[in-house]
Amino acid sequence: MFGFIVFLLSESIIFLSFFAGYILYKTTTPNWLPAGVEGLEIKEPAINTVVLVSSSFVIYIAERSLHRRSLWRFRLFWLLTMAMGSYFLYGQAVEWRSLAFGFTSGVFGGTFYLLTGFHGLHVFTGILLQAIMLIRSFIPGNYEGGQFGVEATSLFWHFVDVIWIILFILIYVWQ
């Protein structure tokens, strides 16, 4: 677990550097938003945020269920977490398709797509890790010796959620 925590700390450094760059560019770039763009729609991203942050509670219930040796309940809540993460990614894809700017639309476009895309990659990775842990739950006795994979995946998911909260505030709330 120590190595995994070090990995998450290294990921934190990457995201913190992206946050710092975003803040620096936003506060120093004269024409921050691309031409014709006055701001971002906040309603749909806010709904996606609620879904993603709520998934942290759901994955916690799944993890607790596994500790209590209730595999069916673990699988149910784990699958629900995966569905919530998938809904978030779908919402992000819908948003990207509707935006009036692209990756090459100035500093804002580049940083927006870099930050949300890199985070989306982490959400996708979290869903893949969850799928692996779900499949492993069908191997008889697999979690008898401990649940490191589930605990690490759950920790990764909480990390992804915290990063999104920061991104949501930086990108959508602080316009």
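It should be noted that the structure appears before, not after, this text.
Before going further, it helps to examine the overall build of the protein chain. A count of helices and strands for the protein chain gives five helices and zero strands. Taken from the N to the C terminus, the helices and strands of the protein chain come in the order α-α-α-α-α. Once the C-alpha set of the protein chain is aligned to its principal axes, its extents read approximately 60 × 30 × 20 Å. Of all 175 residues assigned to the protein chain, the portion counted as buried reaches 45%. Relative to all contacts within the protein chain whose residues are 6 or more apart in sequence, the contacts with residues 24 or more apart total 79%. Here the protein chain has roughly 9300 Å² of accessible surface; of this, 71% comes from carbon and sulfur atoms. For the protein chain, the separation between the mean place of its 9 positive charges and that of its 9 negative charges on side chains is 10 Å.

Here T28 is to be found in helix α1 (residues 2-28). As a C-alpha pair, T28 and G3 span 25 residues in sequence and 38 Å in three-dimensional space. Within the structure, T28 has its side chain in polar contact with the backbone oxygen of L24 (distance 2.6 Å).

Moving on: empty space enclosed by the protein. Inspection of the entire model under this criterion finds one cavity of 30 Å³ or more. Roughly 40 Å³ of internal volume is contained in the largest cavity. Looking at the largest cavity, the residues that line it are P45, N48, F88, Q92, E95, W164 and Y172. Counting residues per element, the lining of the largest cavity draws most heavily on helix α3 (residues 71-98), at three residues. Here the lining of the largest cavity is built from residues that sort into four nonpolar, two polar and one charged.

Our next topic: the packing of helix α2 (residues 43-67) against α3. Two measures define how a pair of helices packs: the angle their axes make with one another and the distance between the axes. Where α2 meets α3, the axes come as close as 8 Å, and the angle between the chain directions of the two elements is 165°. For the element pair α2 / α3, the angle class is roughly antiparallel. Once α2 is placed against α3, the crossing between them reads as left-handed. Looking at the contact of α2 with α3 residue by residue, the class counts come to 17 nonpolar, seven polar and two charged.

Moving on to the packing of helix α4 (residues 106-136) against helix α5 (residues 148-173). Two numbers describe how α4 lies on α5: the axes approach to 10 Å, and their chain directions differ by 160°. Considered as vectors, α4 and α5 are oriented roughly antiparallel to each other. For the crossing formed where α4 meets α5, the hand is left-handed. Listed contacts from α5 to F112, L115, T116, H119, H122, V123, T125, G126, I127, L129, Q130 and M133 of α4 are G149, V150, T153, F156, W157, F159, V160, I163, W164, L167, I171 and Y172.

This paragraph deals with the layout of surface pockets. Reported here for the largest pocket is a volume of approximately 290 Å³. Taken together, 16 residues line the largest pocket, and the ones lying closest to its centre are E41, E44, V94, E95 and S98. Elements with a minimum of two residues in the lining of the largest pocket: α2 and α3. It is α3 that contributes the most residues to the lining of the largest pocket, six residues altogether.

Before going further, it helps to examine unusual backbone geometry. Phi is positive for R69, which is not a glycine, with a value near 65°. Relative to the elements of secondary structure, R69 occurs in the loop between α2 and α3.

The next subject is α3. In this model, α3 (28 residues) spans 41 Å end to end at C-alpha, consistent with the 40 Å of a helix rising 1.5 Å per residue. Three or more residues of α3 are buried, namely F74, F77, W78, T81, M82, M84, G85, F88, G91, Q92 and E95. Of the surrounding elements, those touching the buried residues of α3 are α2, α4 and α5.

Each value, and the rule that gives it
Residues numbered from 1 in each chain as written. Predicted model: local features only at pLDDT ≥ 70, side-chain atom pairs only at ≥ 80, totals over all residues. Heavy atoms only, no water. Helix = DSSP H or I, 4+ residues; strand = E, 2+ residues; numbered from the N terminus. Buried < 20%, exposed > 50% of the residue type's maximum accessible area, 1.4 Å probe, protein only. Contact = heavy atoms within 4.5 Å. Areas by Shrake-Rupley, 256 points an atom, 1.4 Å probe, with all protein chains shown as cover. Lys, Arg positive; Asp, Glu negative; His and termini not counted. Charge placed at Lys NZ, Arg CZ, Asp CG, Glu CD. Polar contact = N/O pair within 3.5 Å; in protein donor to acceptor, adjacent residues only side chain to side chain. 1 Å grid on protein atoms, 1.4 Å probe; cavity = no way out; pocket = protein on both sides within 12 Å on 5 of 7 lines; lining within 4 Å. Points joined across faces, edges and corners; volume = space filled by probe spheres on them. Nonpolar A, V, L, I, M, F, W, Y, C, P; charged D, E, K, R; others polar. Axes fitted to C-alpha atoms, helices over the stretch in contact; angles between N-to-C directions. Parallel < 35°, antiparallel > 145°, perpendicular 65-115°, else oblique. Left-handed = near helix turned anticlockwise from the far one by under 90°. Expected span 1.5 Å × (residues − 1).

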